[in-house]
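A closer look at the structure
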Amino acid sequence: MSSLAGKQGPRYRHTADDGAPYETIAVEKLTPIIGAEISGVDIGKLVSDDARSNRQMDEIHRALAENLVIFFRDQRITPQQHLAFGRKFGELHFHPAAPHEDEDPALMKIYADANSPRANGEGWHSDVSCDLEPPMGSILYIKQCPPRGGDTLFANMYAAYEALSDRMKSYLDGLTALHDGEPIYRGLYANYGVADRPSYPNAEHPVLRTHPVTGRKALYVNRGFTRHINGIPRDESDAILAYLYQHAENPLFQCRFRWTENAIAFWDNRCAQHRAMWDYWPHTRSGTRVTVKGERPV
């Protein structure tokens, strides 16, 4: 039985607010709780500045806020268009460790094949949450995908917060946690010939953060980067984090995206976590990621 089920009905009851209809894009939800496929958009054309593109951009912003992760299929874009699309949402973020494509450090390389020792994003995480100002969002463009497998899972951290008991919410309110990139990044990209840096970022962030756009609270700890909760005994921190990780990864909060070639996923790291499945060995999965800078969590 799910930990969120009981004889009085579900502990988490999601009420979708569909709002006004979209005028320039079509939005098809993957689940009531998270994720939507967007159609009627040509991102290569969208990065121009004409009036229709501006209107579509406004609606894409809205769709991202409402669905946390949005998907676009059959997009054939150049690296320059990928970067330009990211810049429509803000200044671009440079990954502190990963290799990049071409000469632009904002264009992160995503690649795994039969000879890879690892694949990007195999565990649940929020991208680079170890930064003092973690990324706002990530835009992943997959150009080559395996014939089967390679899905990405996304989880709604608003829902994870809202499904906590009132007592747990009160306990977590005001607590901070250390997010540290050192154990993750050191040696991680050696197979690409990337030399380690002298140090990698770490930062303390609220366990519960408030989204700067929606004003909603979200759970903000993840298995990838969070090391401990500050100000409490380590065994207590370990126990609380173990519970929060298990809770956050409940399938109720998730959607699963099946990639096709030339598809794009754009997720909000401030209120969503994700996990990439590496179940397609020995096939190849490759693409690029552009990441948009964020703000210090509060």
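Report on the accompanying structure. As the structure is a prediction and not an experimental result, all values here were calculated from the model. (Residues numbered from 1 in each chain as written. Predicted model: local features only at pLDDT ≥ 70, side-chain atom pairs only at ≥ 80, totals over all residues. Heavy atoms only, no water.)

**Remarks on the state of the cysteines**
The condition that has to hold: Put simply, a disulfide is two cysteine sulfurs that come within 2.5 Å.
Counted under the stated rule, the structure contains zero disulfides. Note on C255: no disulfide assigned, nearest cysteine sulfur contributed by C271 at a separation of 12 Å.

**Some words on the pattern of salt bridges**
The condition is simple: By definition, a salt bridge exists where a carboxyl oxygen of Asp or Glu is found within 4 Å of a side-chain nitrogen of Lys or Arg. Here a strand is any run of E in DSSP of at least two residues, a helix any run of H or I of at least four, and the numbering for each starts at the N terminus. Using a 1.4 Å probe on the protein chains alone, a residue whose accessible area is under 20% of its type maximum counts as buried, one over 50% counts as exposed, and one in between counts as partly exposed.
Applying the stated criterion across every chain yields a total of 17 salt bridges. With a shortest N-O distance of 3.8 Å, K217 and D173 are connected by a salt bridge. Taken as a pair, K217 in strand β11 (residues 217–219) and D173 in the loop between α5 (166–172) and β8 (176–180) lie far apart in primary sequence, 44 residues in all. Overall, K217 belongs to the partly exposed group, its relative accessible area being 32%. Two residues, E295 and R209, come together in a salt bridge whose shortest N-O distance is 3.4 Å. Note that E295 is positioned in the segment after β16 (285–292) and R209 in strand β10 (residues 208–210), a separation of 86 residues in sequence.

**Re the nonpolar core**
Defined as follows: Put simply, a nonpolar core is a bunch of buried Ala, Val, Leu, Ile, Met, Phe, Trp, Tyr and Cys residues held in one set by side-chain atoms that sit within 4.5 Å of each other. Throughout, a contact is declared for two residues whenever any of their heavy atoms are within 4.5 Å.
Core analysis: the largest hydrophobic core is formed by 57 residues, its most contacted members being F154, L172, Y185, V207 and L219. For V207, the residues in contact, after removing those within four places along its chain, are L172, L175, T176, A177, A218, L219, Y220, V221, I229 and L244. Membership of the second largest hydrophobic core comes to 26 residues, among which are I43, I60, I70 and V292.

**Quick word on the sheet that holds strand β7 (residues 152–156)**
By definition, the strands of a sheet pair up through backbone hydrogen bonds, in either a parallel or an antiparallel sense. Heads up, the rule is: Strands qualify as paired when DSSP identifies two bridges or more between them. Lines fitted to the C-alpha atoms define the axes, with helices restricted to the stretch that makes contact. Angles between their N-to-C directions range from 0 to 180 degrees.
Taken together, the three strands give an open sheet; going across it, the order is β13-β7-β15, and neighbouring strands pair in antiparallel fashion. Every other strand in the sheet has two partners, leaving β13 (254–257) and β15 (272–276) as the edge strands with one partner each. Along the sheet, successive strands turn relative to each other by an average axial angle of 20°, direction set aside.

**Some words on the side chain of Q254**
Here is the rule we go by: Polar contacts here mean pairs of N or O atoms no more than 3.5 Å apart (in protein, one a potential hydrogen donor and the other a potential acceptor; neighbouring residues in sequence count only if both atoms are side-chain atoms).
Along the chain, the position of Q254 falls in strand β13. At 2.6 Å, the side chain of Q254 forms a polar contact with the backbone oxygen of E249. Not counting the four nearest positions on each side in its chain, Q254 is found in contact with T31, I34, W124, L153, F154, A155 and E249.

**Concerning the packing of aromatic side chains**
Put simply, the rule is: Within 6.5 Å between ring centres, the rings of Phe, Tyr and Trp (the latter by its six-membered ring) count as paired, and their orientation is classed by plane angle as stacked under 30 degrees, edge-to-face over 60, tilted in between.
Tallied over the entire structure, the rule returns eleven aromatic pairs. Aromatic side chains Y12 and F253 sit 5.9 Å apart centroid to centroid with 85° between the ring planes, which places their arrangement in the edge-to-face category. Linking Y12 in the segment before β1 (26–29) with F253 in the loop between α7 (234–248) and β13, this pair joins segments that are 241 residues apart in sequence. Of the two residues, Y12 and F253, neither departs from the other in class, the shared state being buried. Centre to centre, the rings of Y185 and F225 are 5.7 Å apart; their planes meet at 55°, and the pair counts as tilted. Of the two residues, Y185 is situated in helix α6 (residues 182–185) and F225 in the loop between β11 and β12 (226–229); the sequence distance between them amounts to 40 residues. Judged by relative accessible area, Y185 falls into the buried class, the value being 3%.

**Brief notes about the environment of Y171**
Within the fold, Y171 resides in helix α5. If sequence neighbours within four positions are ignored, Y171 has contacts with I232, E236 and I240. Polar contacts involving the side chain of Y171 include one to the side chain of E236, which spans 2.4 Å.

**Describing the pairing of β16**
Burial within β16 is extensive, with eight of its eight residues counted as buried. Two strands pair when backbone bridges link them, and strand β4 (residues 92–93) and β16 are joined in this way by two bridges, in the antiparallel orientation. Paired with L92 across the strands is V292, a residue of β16. Direction of pairing for strand β6 (residues 137–144) relative to β16: antiparallel, over a ladder of seven bridges.

**A closer look at the sheet that holds β8**
Pairing in this open sheet of three strands is antiparallel, and the strands run β9-β8-β12 from one edge to the other. Each edge of the open sheet is held by one strand with a lone partner, namely β9 (202–206) and β12. Neighbour-to-neighbour, the strand axes of the sheet open up by a mean angle of 25°, direction not taken into account.

**Remarks on α7**
Worth spelling out the cut-off: An expected span of 1.5 Å times one less than the residue number is assigned to each helix. Arc definition: directions from the helix axis to the C-beta atoms.
Compared with the 21 Å implied by 1.5 Å per residue over 15 residues, the 21 Å span of α7 between its first and last C-alpha is a close match. Within the sequence span of α7, burial applies to S237, I240, L241, L244, Y245, H247 and A248. All buried residues of α7 fall inside an arc of 160° around its axis, so they share one side. For α7, exposure combined with an orientation more than 90 degrees from the buried face picks out D235 and Q246.

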